[in-house]
Amino acid sequence: MPRITVRNIAEMKRRGEKIPMITAYDYTTAILADAAEIPIVLVGDSLGMVVLGYESTIPVTLDDMLHHVKMVARGSKNALIVADMPFMTYQVDPAQALTTAARLMQEGGAHTVKLEGGVNLAPTVQRIVECDIPVMGHIGVTPQSVNALGGYRVRGRSSQEAGQLLNDALALEAAGAYAVVLELVPTPLARLISQRLTIPTIGIGAGAGCDGQVQVLHDMLGLFTDFVPRHAKQYANLAPVIKEAFSRYAQEVRKGTFPTDKESFTMDETLLAGLDDTQ
Ligand code: KIV
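Structure report, in brief. Remember, predicted model here, so these are calculated numbers, not experimental data. (Residues numbered from 1 in each chain as written. Predicted model: local features only at pLDDT ≥ 70, side-chain atom pairs only at ≥ 80, totals over all residues. Heavy atoms only, no water.)

## Structural notes on helix 8 (residues 159-175)
Reasoning step 1: Between its terminal C-alpha atoms helix 8 stretches 24 Å, which fits the 24 Å expected from 17 residues at 1.5 Å a residue.
Reasoning step 2: In the core, the buried residues of helix 8 are packed alongside helix 6 (122-130), strand 5 (135-140), strand 6 (179-183) and helix 9 (187-196).
Reasoning step 3: Among the residues trailing helix 8, Gly176 stands out with phi positive, at a value near 110°. (Helix = DSSP H or I, 4+ residues; strand = E, 2+ residues; numbered from the N terminus. Expected span 1.5 Å × (residues − 1). Contact = heavy atoms within 4.5 Å.)

## Concerning helix 9
Reasoning step 1: What helix 9 keeps buried is the set Leu189, Ala190, Ile193 and Ser194. Taken end-on, helix 9 shows its buried residues confined to a sector of 135°, consistent with a single buried face. Away from the buried face of helix 9 by more than 90 degrees, exposed residues Pro188 and Gln195 are located.
Reasoning step 2: At its buried positions, helix 9 is contacted by helix 1 (6-15), helix 8, strand 6 and strand 7 (201-204). (Buried < 20%, exposed > 50% of the residue type's maximum accessible area, 1.4 Å probe, protein only. Arc of directions from axis to C-beta.)

## Here's the deal with the pairing of strand 7
Reasoning step 1: Neither face of strand 7 is open: one carries Thr201 and Gly203, the other Ile202 and Ile204, and all of them are buried.
Reasoning step 2: Where strand 6 lies against strand 7, four bridges are found, and the strand directions are parallel. For Leu182, the partnering residue across the bridge sits in strand 7 and is Gly203.
Reasoning step 3: Handedness of the β-α-β unit built from strand 6, helix 9 and strand 7 comes out right-handed. (Pairing = 2+ DSSP bridges. Right-handed = clockwise from strand over helix to strand, strands pointing away.)

## Examining the packing of aromatic side chains
Reasoning step 1: Taken as a whole and judged by the stated rule, the model has two aromatic pairs.
Reasoning step 2: Summarising the aromatic geometry, the rings of Phe224 and Phe227 are spaced 5.5 Å apart at their centres and angled 85° between planes, so their arrangement reads as edge-to-face.
Reasoning step 3: Relative to Phe258, the ring of Tyr249 has its centre 5.9 Å away and its plane inclined at 70°; by these criteria the two rings are edge-to-face.
Reasoning step 4: Phe258 gets classed as partly exposed once you look at its relative accessible area, which sits at 33%. (Phe/Tyr/Trp six-rings, centres within 6.5 Å; stacked < 30°, edge-to-face > 60°.)

## Section: the layout of surface pockets
Regions of empty space are outlined by a rolling probe, equal in size to a water molecule, passed over the atoms.
Reasoning step 1: Its boundaries defined by the atoms lining it, the largest pocket holds a volume of some 760 Å³.
Reasoning step 2: Elements with a contribution of two residues or more to the lining of the largest pocket: strand 1 (19-23), helix 3 (47-50), strand 6 and strand 8 (212-215). (1 Å grid on protein atoms, 1.4 Å probe; cavity = no way out; pocket = protein on both sides within 12 Å on 5 of 7 lines; lining within 4 Å. Points joined across faces, edges and corners; volume = space filled by probe spheres on them.)

## So, a nonpolar patch on the surface
Reasoning step 1: A contiguous nonpolar surface patch, about 400 Å² in accessible area, is contributed by Met267, Leu271, Leu272 and Leu275.
Reasoning step 2: With respect to the helices and strands, Met267 occurs in the segment after helix 11 (238-255).
Reasoning step 3: Since its relative accessible area comes to 48%, Met267 is described here as partly exposed. (Patch = residues over 30% accessible without salt bridge, like charges linked within 9 Å, V, L, I, M, F, W, Y side chains within 5 Å. Areas by Shrake-Rupley, 256 points an atom, 1.4 Å probe, with all protein chains shown as cover. Salt bridge = Lys/Arg side-chain N within 4 Å of Asp/Glu carboxyl O.)

## Quick word on the packing of helix 8 against helix 9
In a pair of packed helices, the angle between the axes and the distance between the axes together describe the arrangement.
Reasoning step 1: At a minimum axis separation of 10 Å, helix 8 and helix 9 run at an interaxial angle of 30°. Classified by the angle between their axes, helix 8 and helix 9 sit roughly parallel to one another. As for the relative orientation of helix 8 and helix 9, their crossing is right-handed in sense. Within the contact between the two elements, helix 8 uses Ala162, Leu165, Leu166, Ala169 and Leu170 and helix 9 uses Leu189, Leu192, Ile193 and Arg196.
Reasoning step 2: Class assignment of the residues belonging to the contact of helix 8 with helix 9 gives a composition of eight nonpolar, no polar and one charged. (Axes fitted to C-alpha atoms, helices over the stretch in contact; angles between N-to-C directions. Parallel < 35°, antiparallel > 145°, perpendicular 65-115°, else oblique. Left-handed = near helix turned anticlockwise from the far one by under 90°. Nonpolar A, V, L, I, M, F, W, Y, C, P; charged D, E, K, R; others polar.)

Structure follows, in structure tokens:
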């Protein structure tokens, strides 16, 4: 299967074909995402919480992102790889944003970048796109703004917020973004935005009217046990499976029933005859 491109993603919207996207943070999960024919993998800064153990995405650095984007790029052969631009690596000015985007592509191996923001970030998006770097926008709940927003509450329930979100989406499209993530946006508003835009919307907690959906890997696999967001659907419940495997392993080591001959290696034991304690 050839590599998915941003053109393929645009065609999917034109054909009315829904677009699945998941996050991946390493080589192994990137291979599995390809095997499931997921067209877009996002190396999200959500890795700050589900991989690095931070309370938010704020502490994630560009070096953290590069480390994980490289792993995903080594595993992925087919998906479009999107890399999140971490907090304060693009907000200062368009030149800073361009440098960050270039590093994620050149050093990391990403095909496109994602940044959080709407009207306020449109000039930055335009500058990056002018340099032939495809940009995915992200509006609604923008986790890097958690301190300013005062939490992760649904955005767009008032007419003022709904109008602002529509303007944000239109500004991103006009600036040249190829897709926009809508996070925690009420279903009717997300549907309206999806209908008004020619570029695809990718929803998370934004209902079925979006052109695509994204889920955080650890949430959908039931791996992350700190909390399960309401918008997450668990397609597997791996945490108890893994814990059970760890416990069985520890028990067998303690009892001496692991390893057996099957997991061990033989040799000609007569060769040990001449060895004494001092060697
Ligand atoms: O960082 C991330 O995983 C994201 C998704 C939730 C869209 O931005």
